Amino acid sequence: MHRICIKDIQKDIPVGEGVCSVFLVGSAQKSEGKNGPFWAVKLRDSTGTLDAKIWTPLSQNIAELKMGDFVEVKGRTSTFREQLQFTIEALRPVDTPEELVMSDFIQTSAVEPSEILAQIEEKISEEITYAPWKDFCKSVLKDQRIRAKLLLAPAAKSVHHAYAGGLLEHMFSVASLCLKLSDHYPELDRQTLFVAGLFHDIGKLDELSGGLANDYTDEGKMLGHIIQGILILKPFLEKAKVDPALALHFEHLILSHHGEPEFGAPRVPLSPEAFCLHYADNMDAKLAQCREAFSQITDKKESEKEDPEGGEIAWSAWINLLGRSLCKMPQTPKAKEKESSKAKKDPKGKQGSLMGFFG
């Protein structure tokens, strides 16, 4: 059957029109409502996620529905408080999931992960002059287990960069932000901050399973990626013979990058570099959430597509984790001649940062 992707449902299919397609179950939870039991389901494919509901009486006929299942669903969209809802009216498990094209269901980075990794290695060669730090970085990235997992790993289960290659994307973006902060504040330890920015989330290789389910591992639930990151990196630090004071500072940066204990930080930032890493990480995660939310906003006026400098204020769907909807504002008109001239001088966009890939 012809697949209808989630992006099409969100942007192109009129509200109320019937939809029939195959999706991956990202999560499924059965609850009790006023009119009987219902299922809250998150459907996934390579273009995004879609919140769906299965109401009584259909919900009573579904004994089990779990993350990682492939299901064919029939349903239709509606709006509730100006937010898109999808109601599943019929559902059946896919009997032969091996016949599906997996790339239709797994989100991947907009940039090929191997290309991001190559850029990271190039930036390490350019930026690091302290031999032990360079040896440390190269040995981590050349480790066969780490390298293989990095090319597929997401940066989170659902919050930000939650797709194959997302961890590499986030690593490089945060490390690049750390370099820019070091340009502005030259008193910072540029190399230690850069290396910490690069590897601050390396523990997510073992915290998350990745793949179709992308769920937390037992070790991830018990330890968390911050502690797991220290455990992964400690042997490489010792082998590279990094100065003990620099290694201690680096480990503190990893342990404190979530900022506060209520956000999962074993230690609060105690150095200027630790503050920088925390805010760079937080900024990159928040802006990734904005990018994801804005990608789902439907353009209501054809004229806005023709005139990108015009348009009205647009609001995203409600984001539970942030506790708010996000606002996409019209942008200040750009000087077209200057932008054209700049593009000729810098045809590849912003170097050393993923920002050039996302506009």
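Check the entry above for the structure.
Given the structure is predicted, the values throughout are model-derived calculations rather than measurements.

What follows is about the sheet that holds strand β4 (residues 70–80). The sheet built from 5 strands closes into a barrel, its strands ordered β1-β2-β3-β5-β4 with mixed pairing. Here the strands of the sheet are splayed against their neighbours by 45 degrees on average, with no regard to which way each runs. With 7 bridges joining them, strand β2 (residues 36–45) and strand β3 (residues 48–54) adopt antiparallel strand pairing. Each residue of the ladder has a partner; that of Lys 42, found in β3, is Asp 51.

Next up on the list: the side chain of Gln 228. When you line up the elements, Gln 228 lands in helix α9 (residues 225–240). With residues near it in sequence (within four places) discarded, Gln 228 still touches Gly 203, Asp 206, Glu 207, Glu 219, Gly 220 and Leu 223.

A word on the packing of aromatic side chains. In the structure shown here, the tally under the stated rule is 5 aromatic pairs. Their ring planes at 35 degrees and their centres at 5.2 Å tell us that Phe 38 and Trp 55 sit as a pair that is tilted. You can see Phe 38 sitting in strand β2 and its partner Trp 55 sitting in the loop between β3 and β4, a full 17 residues away along the chain. For Phe 38, a relative accessible area of 16% gives the class buried. Pairing Phe 136 with Phe 199 gives two aromatic rings, centres 5.6 Å apart and planes at 80 degrees, and the pair type is edge-to-face. Note that Phe 136 is positioned in helix α3 (residues 131–142) and Phe 199 in helix α6 (residues 190–199), a separation of 63 residues in sequence. Each member of the pair, Phe 136 together with Phe 199, is buried. An aromatic cluster is present here, built from Trp 133, Phe 136, Phe 199 and Phe 250 joined pairwise through their rings.

Looking at the element boundaries, Gln 107 is found in the loop between β5 (83–93) and α2 (113–127). Among the residues examined, Gln 107 registers a relative accessible area of 15% and is labelled buried. Each C-alpha atom, one on Gln 107 and one on Gly 48, is 7.3 Å from the other, the two residues being 59 residues apart in sequence.

Moving on, we get to the nonpolar core. By size, the foremost hydrophobic cluster in this structure holds 46 residues, and its most contacted members are Phe 136, Leu 150, Val 195, Phe 199 and Phe 250. Per element, the largest residue contribution to this core is 8 residues, and it comes from helix α5 (residues 166–184). Ignoring anything within four residues of it in the chain, the contact list for Val 195 reads Ile 128, Trp 133, Phe 136, Cys 137 and Phe 250. If you look at the next biggest cluster of nonpolar residues, it comprises 20 residues, including Ile 4, Ile 9, Leu 43 and Leu 50.

Our next topic: a nonpolar patch on the surface. A surface patch of nonpolar side chains, about 420 Å² in accessible area, is lined by Met 222, Leu 223, Ile 227 and Leu 231. You can see Met 222 is positioned in helix α8 (residues 218–222). Overall, Met 222 belongs to the exposed group, its relative accessible area being 72%.

Examined against the element boundaries, Ile 120 turns out to sit in helix α2. As for Ile 120 and Met 171, which are separated by 51 residues in sequence, their C-alpha atoms are 8.9 Å apart. When residues no more than four places from it in sequence are discounted, the contact partners of Ile 120 are Leu 141, Leu 168, Phe 172 and Leu 198.

Quick look at the packing of α6 against helix α10 (residues 244–256) now. Packing of α6 against α10 brings their axes to within 9 Å, and their N-to-C directions diverge by 40 degrees. Comparing the axis directions of α6 and α10 gives the class oblique. Taken as a pair, α6 and α10 cross one another with a handedness that is right-handed. Counted together, Thr 192, Leu 193, Val 195, Ala 196 and Phe 199 of α6 and Leu 246, His 249, Phe 250, Leu 253 and Ile 254 of α10 form the full contact between these two elements. Within the contact of α6 with α10, the residues separate by chemical class into 8 nonpolar, 2 polar and no charged.

The rules behind these values
- Per chain, the residues get numbers from 1 upward, laid out in the order the sequence is written.
- Whole-chain, interface and lining totals are the exception, using all residues; otherwise, since this is a predicted model, local features are given only for residues with pLDDT of at least 70 and side-chain atom pairs are given and counted only at 80 or more.
- As a rule here, side-chain values come from all non-hydrogen atoms in the structure, and water together with hydrogens is ignored.
- When DSSP finds two or more bridges between a pair of strands, those strands are recorded as paired.
- Only DSSP runs of H or I reaching four residues or more are called helices, and only runs of E reaching two or more are called strands; each is numbered from the N terminus.
- Working convention: axes come from line fits to C-alpha atoms, limited for helices to the stretch in contact. Angles between N-to-C directions cover 0 to 180 degrees.
- Residues are treated as being in contact if the distance between any of their heavy atoms lies within 4.5 Å.
- Pairs were defined over the aromatic rings of Phe, Tyr and Trp, the Trp ring being its six-membered one, requiring ring centres within 6.5 Å. Orientation was assigned from the angle between planes: stacked under 30 degrees, edge-to-face over 60, tilted for the rest.
- For every residue, the accessible area (1.4 Å probe, protein chains only) is compared with the maximum for its type, and the residue is labelled buried under 20%, exposed over 50%, or partly exposed between those bounds.
- We call a set of buried residues a nonpolar core when its members are Ala, Val, Leu, Ile, Met, Phe, Trp, Tyr or Cys and they connect through side-chain atoms within 4.5 Å of each other.
- Distance thresholds for patches are 9 Å for like charges and 5 Å for nonpolar side chains (Val, Leu, Ile, Met, Phe, Trp, Tyr), applied to residues having over 30% relative accessible area and no salt bridge.
- The accessible surface values rely on the Shrake-Rupley method and a 1.4 Å probe; as for residues, cover is taken only from the protein chains in view.
- Every case where a carboxyl oxygen of Asp or Glu lies within 4 Å of a side-chain nitrogen of Lys or Arg is listed as a salt bridge.
- Any angle that is under 35 degrees is reported as roughly parallel, and any over 145 degrees as roughly antiparallel; angles of 65 to 115 degrees are reported as roughly perpendicular and all others as oblique.
- Should the near helix be turned counterclockwise from the far one by less than a right angle, the crossing is left-handed, whereas a clockwise turn marks it as right-handed.
- Residues are grouped as follows: Ala, Val, Leu, Ile, Met, Phe, Trp, Tyr, Cys and Pro are nonpolar; Asp, Glu, Lys and Arg are charged; all remaining types, including Gly, are polar.

By themselves these figures say nothing about function.
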